[in-house]
Amino acid sequence: MRKIIYSFVFIFAAGIIFSACEKEFLDNYPTDNVSSFGVTSSTGTALAALNGIHRTFYERRYGSQGRVGIGSWYYHIAEKADDMVFNYATWTTYVRWLNRDATNSYNKSDWLRFYDWIANANVLINGVGEETSGSQDEKDIIVGQALLYRAFCHFNLVQMWAIRYNPAGGNSQPGVPIMTETTTEGQARATVEEVYAHINQDIDAAILLLDGQPRTNKSHLNVDIARGLKARVALTMGNYPTAASFAVLARTTDYAPMDSATYFYGFRISSQSNDEFMWASHLTEDQTDKWGNYGAYVSRNFSSSSIRKNPRSISSILYNTISPTDVRKLLWDPTGDHLNLPPGVTIVGSARRYPYTNQKFIAVSSGDSRVDVPHMRISEMYLIEAEAEARQGHDAAAAAALYTMAVARDSYYTLSTNTGQALIDEIMIQRRTELWGEGFRWFDLKRLNLPLDRNGANHKGSVINDLFDVPAGDNMWVSLIPQAEMDANENMVQNPL
Amino acid sequence: MKRLTILFTLLVFVGLQLFSQGGVITGTVTSAEEGNTLPGVSVVVRGTTIGTITDVDGNYSLIVPDDATVLMFTYVGMKTVEETIGGRSVIDAILEQDVFGLDEVVITAYGTSKKGAFTGAATQVNSSKIELRPITNVSSAIEGAAPGIQVTGTKGQPGSDQSIRVRGFGSYSASNSPLYVVDGVPYSGSISAINPVDIESVTVLKDASSTALYGNKAANGVILITTKKGKPGQGQLSVNASFGVISRAQPEYELIDAFDYYPIMWEAMRNADAIPGVDTPADVTTASQDATDNIFDELGYNPFNVANDAIVGTDGKINSSASLWNDYANDLDWLDAVTRTGQRKNFDLSYQGGTENTDYYVSVGYLEEEGFIKDSDLTRITGRAKVNFQATNWLKTGFNVNAATRESNFSQAGSGQSSNFVNPIRFTRGIGSIYPIHQIDPATGLYILDDNGKKQYDIYDHRAGGASSGRHVPAEIDWDEDKDETSTVGARTYMEVSFLNDFKFTTNVSFDQRVLYWTFYNNPLIGDGSPGGRAYRSFTRANSTNFNQLLTYVKTFGIHNFDVILGHESYRYQYNRLRGARTQQVADDNTELINFVTITRSDSYQDVYTTEGYFGRANYDFDGKYFLSASFRADGSSKFHPDNRWGNFWSVGLAWRLDQEPFIQNINFIDMAKFRASYGQVGNDAGIDNYAYQALYSLGWNNQSEMGITQDKLAADALVWESNNSVDIALEFGLFNKLFGTIEFYRKISDNLLFDVPLPLSSGLDSKTENVGTLFNQGIEISLSFDAVKTQDFTWNIQANLSTLKNEFTVLPQEEIIDGSKKLMVGRSLYDYWQREWYGVDPDDGAALYRADDVTETVRIKGSDTLTTDRNNARYKYAGSAIPDVFGSFSNTFSYKGFELNVMFTYQVGGLVMDYNYQSCMSSGTYGGGISVDILDRWQQPGDITDVPRMDASQTSNFNLTSTRWLTDASYLNLRHATLSYNLPAVINNKLGTSRSRVYISGENLFLMNARKGMNVQQNFSGTTSNVFTPSRVMTLGLIVNF
């Protein structure tokens, strides 16, 4: 009898202990994430979400070290054109224009990256409002910047995946989907005209919101960046009056072109204190991606196998146009020996030597690849103004704008006496030299409907896969829509093969 | 509810019986064949939980209730005997050997069953099949053991797991891996922490009827591992010591040597400029001269004793006076530089024993294993102790504790790093045959020695781009560290209370902890650490706790036998990770983080996953002829939204022992026949995110000093369990006292698939997990065991099994989903290839031709075929499947007196492999890359008929395109293992004072036959090859001695 009593006592005890599994037992929450609900409930969290976008402008998101932030986009765009020369056959996807293929993994990640930023921006644009706690100024700053990001991304997308914007009109060719909502439904491509209209609409709205607002550092976007972006877009559209006027508006007293001495050692991690830089990502020591940073590909002194084997060179043709008194003559070395480096900078002995390699970009050290990522510089504003004026036939205004920038690089530079096409050519040479490696040249060729011509310079056929020429307007100027987008979006239409 | 009521009624009814008095029965159990007494035989009053076991001398004593009618005597390998009590107080029993194993105890979910009564599909591998094999990870014992189970090949990294699939591929985005249950508790640790010598049995449960009680996690089958326990009787000490050697099991792809390499690359260079027979002779002459002058500049090294511009003549042939120059001759074999003959040393000691009240098992094991790639190894120390104690006749308890520590070096070849640049398999395969390992003076052809007169690795960036320039695998293996140190501790305890004659209440508590400390270091001279060096440490801890309570009821009413179980289970898994990384090494020879300057990573996080379940099962058998089993389980998972978190799973199974029917018993040659069928539903939540339903932003995206977050995923409140519904029908038979077999059919339908549905990338996300899609797996499984010869001294047994598998989608979220090399569509399988269609080589110019997609683009017409040379215009098509037509294994066991030889082959017929590794060796001109001998068949001049395009460095993207060209027959035959053992005769044992001694030689992965030398077919289930650590061949000599 006693054993029966024991048994029942035991069973009841066990039952009490183990049936007391509370409901919360199955409720778990991650520690490395926060709930999406409430991201726009206050300007504090919304600002964190905005800073997330700033950060992903220089952080790895899609695995490969060649896909880190927007910096990889800049140097990849440069690789596709004629002014940046590869010396060695590795990491040649863009040099050989293979990124254009629908199944190419870079093509996919480039496309996804811009839409990822847009999706993050849309949460803020659509979510920050009356319900959000915080001041109106804070809300304006957040939404204004998000709008600029959306415009910036649509602008890059339409330039890569659509036929160029033709200033003569008739831009009803397919552009890219305009994304303004959080949705997983596949959207159809808007026309190129519509995409540019939307880009301008976002920028104009941002200008209103950001006018007069401060910013904490140059990774944030303010009204100057909005105006600068407006000028950049207008130049691409061939809308030269707007390009010139907004380039001027963007140039506030906060910025000034670097002088020659500063320029010699100007592209490193000092963007935040250098008035040349209007918008730039600054990399701190613990936010670095050693092999993926912008500087791990474009600098001369970081010791990655990519740089040791394949230091990036400038086209010998372009180099030979630079005046000997121009500081930029020193940023590429025709011998490749780099005997004239800034103080304290060294290149490892195992680095291979090739002519015309650059020392424009200087990483922290051979073991630390950080170089701040430049998104917008004051010199570009002068170059936009000069080009836009020249293309309108305003030679004097163009020469004057060019002078301010050029004399800062070369104290012997005198006001240009060129006119007409000769002046335009001079401005374009200055533009190519000034913005080398920063992601402009291929887009310039495309917007101006020029051919790719790599002949006669130091390009090697075995490196560029004998891709010396691509005629203007060829299908190859338009990347194919990534296959993954084609597969999942029934409204999507492919570009011509 | 109804079942509960019935149970309660029974409980009351039985309770009333309790007051009746009982009597004591004693007796002795002996073996029919040998006549000796049998210790450890289980003696149970039929239909109750009342029982005991025989002691050392085979005697037992048992208090039985008045109403007890029958005593059952069961013992492993013997037929169960039932004796009617009929008022006797002394009952002896004689047990006969069980030829067909129908009375064999099969470990099942939360209990055991006799094979003959089991309604589900299960295969059990017992310790005798494991103990003589030099296997480090018990997953190796499952390969080939039963039909319907597919296992990936072993990997060369010592101790690595093999992936297992039970009856096809029932999930898409969720996990397809079976659930491991160790000693009754779901196991989240590494299987390689378990010493195979401690394993009593491994049971694979295949159908829903046998797995449904594990409801939530059982969709992909269950692998039950039961560790050894002590047997009552005189204690026994066993020693198992073995020594082995390890080498590479499969050859490497055949690559061309330096004398072929230069002309081939010369040709690639020449043809990029001008092609003979296509371009003008003048252009070809110029291009040839150019190639002769410049090929050295592209390749960077000249291993020959001729001038750099005279290695290849303008005729494209190697200079006839060229020979390998001085030290080059011995310095070009990279594979040899990183491989070795590894050693395997294993020493296990165990002792066990028991009385009728207590049993114990204790073991310690030591293993040291070296892979055939340098610096890949495993050192493992394991310990286990298991004690069971029958405190009173109604209370039993036990404790089972195990600990293991493992240390493993990875030589950067871990399976997860197959794309790593310095994976030695990839590196040595991918390097051209002209590159020296060490620094050689180009002026003399002699090694450049360091101050100590030693050769120095050539770590500079002078090799061509295709030759992993800037990396150096022998150097990085020597100088870097990649080491895992894992400690595992597990403890299980239970308390079992028997009451009211028929009831038993059991509480199980278990705790498992795994701690992994990862040391990773890259040297400052070459590779990812250069310059400056970098170190990474991570510390991860996984704790899992499991509580369950089981109430069992066993009762017999005449010829009706009931066995009911009710239970509750809760499970909690917690994972923590802490990691840090720094760069810029200070002092040499110290790789701790403190010795580095710059912090590049420092973070931590915790994940928690919990489940809870309520379940019940009722087994009923009528007169040992008809068996019925039904089960139900409700499970909640923290991965799903509170509104959708509970899933209900159930099964029914029945078995019919035809051989108990008179009309079968009259047929002489039928010794045994059983029909069984089952249907059931189980669930799956494995392999998806722990917080799958939650909309999240991820932390850690700070911008300078400002806090930053980014969108991680969208909400998925509607997610529910994936469910797996399966039907199983089988016939088990024994004929002529020689042939035993099972023929089985199954169909498994996976519904509500947890599916990472691809999203338009323009949404900013690439996929989202949803419950969409249905697919089924179905197949036939046949297994046969045939005693070809059975005499006193010599026996020969043949076992064979064969499986078919059909996998097909019936519902998908999108019309088609392209996933890597495959495309999913309704009516197609998970592993149907979708590839660009290779056509052949144009005899006119040697171009690679593909079927054209867009016929308005630039195309070539050949006969009636519209073709293209443009990779972007090459058309896709369905091109076969990775799933084989038939797969299985067969083995032969011969025994002659004390000798036994066991040989097992595994095989598959049909299916295709996408041989990416071969593709990478078939480039039409990547300077510096390794090249297959098949490239020698390339097109050279107009009119050449071949399937290898011309060499042309400017066309590598088009000519070497991923296409149907690389699909290869996946059939193989693998001599998976063989063991020869010898039992020392009794006279010697007597002299040695041992009870049994055996010596054996055993080998794993002895021989492989497949369609291409170098191809590793069994890498994964999807049929693609990558640079995984090639399997190793293990040959051991061992000794087992029992005292």
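Residues numbered from 1 in each chain as written. Chains lettered and ligands numbered in written order. Predicted model: local features only at pLDDT ≥ 70, side-chain atom pairs only at ≥ 80, totals over all residues. Heavy atoms only, no water.

K.L.:
Would you mind going over the packing of helix 13 (residues 378-391) of chain A against helix 14 (residues 395-409) of chain A with me for this structure?
P.N.:
Helix-helix packing is characterised by the crossing angle of the two axes and by the distance between the axes. Residues and elements named next belong to chain A. The geometry of helix 13 relative to helix 14 is characterised by a closest axis approach of 7 Å and an angle of 155 degrees between their N-to-C directions. Judged on the interaxial angle alone, helix 14 and helix 13 are roughly antiparallel. Where helix 13 crosses over helix 14, the two elements pack in a sense that is left-handed. For the pair formed by helix 13 and helix 14, the contact residues are Ser379, Tyr382, Leu383, Glu385, Ala386, Glu389 and Ala390 on the first element and Asp395, Ala397, Ala398, Ala401, Leu402, Thr404, Met405 and Arg409 on the second. (Axes fitted to C-alpha atoms, helices over the stretch in contact; angles between N-to-C directions. Helix = DSSP H or I, 4+ residues; strand = E, 2+ residues; numbered from the N terminus. Parallel < 35°, antiparallel > 145°, perpendicular 65-115°, else oblique. Left-handed = near helix turned anticlockwise from the far one by under 90°. Contact = heavy atoms within 4.5 Å.)

K.L.:
When you look at helix 6 (residues 192-210) of chain A in this model, what are you seeing that I'm missing?
P.N.:
An α-helix turns once per 3.6 residues; consequently, residues spaced three or four apart project the same way. Residues and elements named next belong to chain A. In this model, helix 6 (19 residues) spans 27 Å end to end at C-alpha, consistent with the 27 Å of a helix rising 1.5 Å per residue. All of the buried residues along helix 6 are Val192, Val195, Tyr196, His198, Ile199, Asn200, Asp202, Ile203, Ala206, Ile207 and Leu210. Looking at the buried side of helix 6, the elements it contacts are helix 5 (136-161), helix 7 (223-237) and helix 8 (240-250). (Expected span 1.5 Å × (residues − 1). Buried < 20%, exposed > 50% of the residue type's maximum accessible area, 1.4 Å probe, protein only.)

K.L.:
What exactly am I supposed to notice about helix 13 of chain A here?
P.N.:
Residue and element names in this part refer to chain A. Helix length check: helix 13 (14 residues) gives 20 Å between terminal C-alpha atoms against 20 Å at 1.5 Å per residue, within 8%. Within helix 13, 13 of the 14 residues are buried, which leaves the element mostly enclosed by the surrounding structure. The positive-phi residue at the C-terminal boundary of helix 13 is Gly393, with phi of around 85 degrees.

K.L.:
Explanation requested: the interface of chain B and chain A in the structure shown.
P.N.:
A common way to express how large an interface is: the accessible area buried when the components associate. In this complex, chain B contributes 96 residues to the contact, which on the side of chain A involves 93 residues. Summed over both sides, the interface of chain B with chain A buries roughly 7700 Å², with 56% coming from carbon and sulfur. Area buried by chain B at its contact with chain A is led by Tyr697, Gln704 and Leu761 of chain B, which between them contribute 10% of it. Across the contact surface, chain B and chain A share two salt bridges. With its nearest N and O atoms 2.7 Å apart, the salt bridge here joins Asp27 of chain A to Arg645 of chain B. Summed over the shared surface of chain B and chain A, the result is 40 residue pairs in polar contact (both at pLDDT 80 or more). (Buried area = accessible area lost by both parts, 1.4 Å probe. Salt bridge = Lys/Arg side-chain N within 4 Å of Asp/Glu carboxyl O. Polar contact = N/O pair within 3.5 Å; in protein donor to acceptor, adjacent residues only side chain to side chain.)

K.L.:
Is there a simple way to think about the confidence of the model for chain A in this case?
P.N.:
Detail in the predicted coordinates should be disregarded across regions flagged by low pLDDT. The predicted model of chain A has a mean per-residue pLDDT of 92, with 95% of residues at 70 or higher. In the model, residues 16-20 of chain A has pLDDT below 50 throughout and makes five contacts with residues more than four positions away in sequence or in other chains. (pLDDT = per-residue confidence, 0-100.)

K.L.:
Even after reading the chapter, I still don't get the sheet that holds strand 2 (residues 42-45) of chain B, so can you show me in this structure?
P.N.:
Paired through their backbone hydrogen bonds, the strands of a sheet run either parallel or antiparallel. Residues and elements named next belong to chain B. Strand order in this open sheet of four strands is 3-2-5-6, and the pairing throughout is antiparallel. Only two strands of the sheet have a single neighbouring strand rather than two, namely strand 3 (51-53) and strand 6 (81-84). Taken over all neighbouring pairs, the strand axes of this sheet differ in orientation by 20 degrees on average, direction set aside. With four bridges connecting them, strand 2 and strand 5 (residues 70-74) associate as antiparallel partners. (Pairing = 2+ DSSP bridges.)

K.L.:
Looking at this structure, how should I read the pairing of strand 43 (residues 848-851) of chain B?
P.N.:
A regular strand places its side chains on the two faces of the sheet in alternate fashion. Residues and elements named next belong to chain B. Relative to strand 43, strand 42 (residues 838-841) is paired through three bridges, and the arrangement is antiparallel. Considered in strand 43, the bridge of Val841 is made with Ala848. The turn linking strand 42 back onto strand 43 is made up of six residues, and Gly846 within it adopts a positive phi angle of 75 degrees. Of the pairings in the sheet, the one linking strand 43 to strand 45 (residues 865-868) comprises two bridges and is antiparallel in character. Its bridge partner lying in strand 45, Arg851 is registered against Leu867.

K.L.:
When you look at the environment of Ala93 of chain B in this model, what are you seeing that I'm missing?
P.N.:
Residue and element names in this part refer to chain B. Summarising the element assignment, Ala93 is placed in strand 7 (residues 93-95). What makes Ala93 buried here is its relative accessible area of 1%. Separated by 598 residues in the primary sequence, Ala93 and Tyr691 have C-alpha atoms spaced 58 Å apart. What Ala93 contacts, discounting residues up to four positions off in sequence, is Thr28, Val29, Thr30, Phe73 and Val81.

K.L.:
What should I look at first to understand a negative patch on the surface in this one?
P.N.:
Together, Asp466 of chain A together with Asp273, Asp290, Asp293 and Asp309 of chain B give the surface a local cluster of negative charge. When you line up the elements, Asp309 of chain B lands in the loop between helix 5 (281-299) and helix 6 (334-338). Taking relative accessible area as the criterion, Asp309 of chain B reaches 44% and is therefore assigned partly exposed. (Patch = residues over 30% accessible without salt bridge, like charges linked within 9 Å, V, L, I, M, F, W, Y side chains within 5 Å. Areas by Shrake-Rupley, 256 points an atom, 1.4 Å probe, with all protein chains shown as cover. Lys, Arg positive; Asp, Glu negative; His and termini not counted. Charge placed at Lys NZ, Arg CZ, Asp CG, Glu CD.)

K.L.:
Any chance you could explain unusual backbone geometry here in plain terms?
P.N.:
In terms of backbone geometry, most residues other than glycine have negative phi values and most peptide bonds are trans. At the junction of Ser530 of chain B and Pro531 of chain B, the peptide bond is cis and its omega measures out at -15 degrees in the coordinates. Within the secondary structure, Pro531 of chain B sits in the loop between strand 23 (503-522) and strand 24 (534-557). One non-glycine residue with positive phi stands out, namely Asn449 of chain A, at about 55 degrees. Here Asn449 of chain A lies in the loop between helix 16 (441-447) and strand 8 (452-453). Owing to a relative accessible area of 35%, Asn449 of chain A belongs among the partly exposed residues under this scheme. You will see that Ser468 of chain B, though not glycine, has its phi angle at about 50 degrees, which is positive.

K.L.:
Can you walk me through the packing of aromatic side chains in this structure?
P.N.:
To describe a pair of aromatic rings, you give the distance between the ring centres and the angle between the ring planes. By the definition in use, this model includes 66 aromatic pairs over all chains. On the numbers, 4.5 Å between centres and 50 degrees between planes, the contact of Phe57 of chain A with Trp117 of chain A is tilted. On the criterion of sequence distance, the pair formed by Phe57 of chain A in the loop between helix 2 (43-56) and helix 3 (69-79) and Trp117 of chain A in helix 4 (residues 105-127) is long-range, its members being 60 residues apart. On the basis of relative accessibility, which here comes to 3%, the residue Trp117 of chain A falls in the buried class. Both rings, one in Tyr457 of chain B and one in Trp479 of chain B, keep their centres 5.8 Å apart while their planes meet at 70 degrees; by these two values the pair is edge-to-face. On the criterion of sequence distance, the pair formed by Tyr457 of chain B in the loop between helix 7 (424-429) and helix 8 (473-479) and Trp479 of chain B in helix 8 is long-range, its members being 22 residues apart. When its relative accessible area of 19% is taken as the criterion, Tyr457 of chain B is described as buried. For Arg828 of chain B, the ring lying beneath its charged end belongs to Tyr878 of chain B, and the centroid distance is 3.7 Å. The ring of Tyr918 of chain B carries Arg1012 of chain B above its face, with NZ or CZ at 3.6 Å from the centroid. (Phe/Tyr/Trp six-rings, centres within 6.5 Å; stacked < 30°, edge-to-face > 60°. Lys NZ or Arg CZ within 6 Å of the ring centre and 35° of its normal.)

K.L.:
Is there a simple way to think about the pattern of salt bridges in this case?
P.N.:
Close approach of charged atoms lets side chains of opposite charge pair. All names here are of chain B. As enumerated under the stated definition, the model contains 77 salt bridges over all chains in all. Linking Glu252 and Arg248 is a salt bridge whose minimum nitrogen-to-oxygen distance equals 3.1 Å. The residue Glu476 makes a salt bridge to Arg471 at a minimum N-O spacing of 3.0 Å. Look at Glu476 and you get buried, because its relative accessible area is 1%.

K.L.:
Just to check I follow, could you spell out the packing of helix 2 of chain A against helix 4 of chain A for this structure?
P.N.:
Residues and elements named next belong to chain A. In the contact formed by helix 2 and helix 4, the axes pass within 10 Å of each other and the chain directions differ by 165 degrees. Classified by the interaxial angle, the pair formed by helix 2 and helix 4 is roughly antiparallel. Note on packing geometry: the crossing formed by helix 2 with helix 4 is left-handed. Contacts between helix 2 and helix 4 involve Ala46, Ala49, Leu50, Ile53 and Thr56 on the former and, on the latter, Trp117, Asn120, Ala121 and Leu124. Of the residues that constitute the contact of helix 2 with helix 4, the class distribution is seven nonpolar, two polar and no charged. (Nonpolar A, V, L, I, M, F, W, Y, C, P; charged D, E, K, R; others polar.)

K.L.:
Looking at this structure, how should I read the side chain of Asn87 of chain A?
P.N.:
Residues and elements named next belong to chain A. If you trace the backbone, Asn87 turns up in the loop between strand 2 (84-85) and helix 4. The exposure class assigned to Asn87 is buried, which follows from its relative accessible area of 7%. When sequence neighbours within four positions are dropped, the list of residues in contact with Asn87 reads Asn310, Pro311, Ser313, Tyr354, Thr357, Lys460 and Val463.

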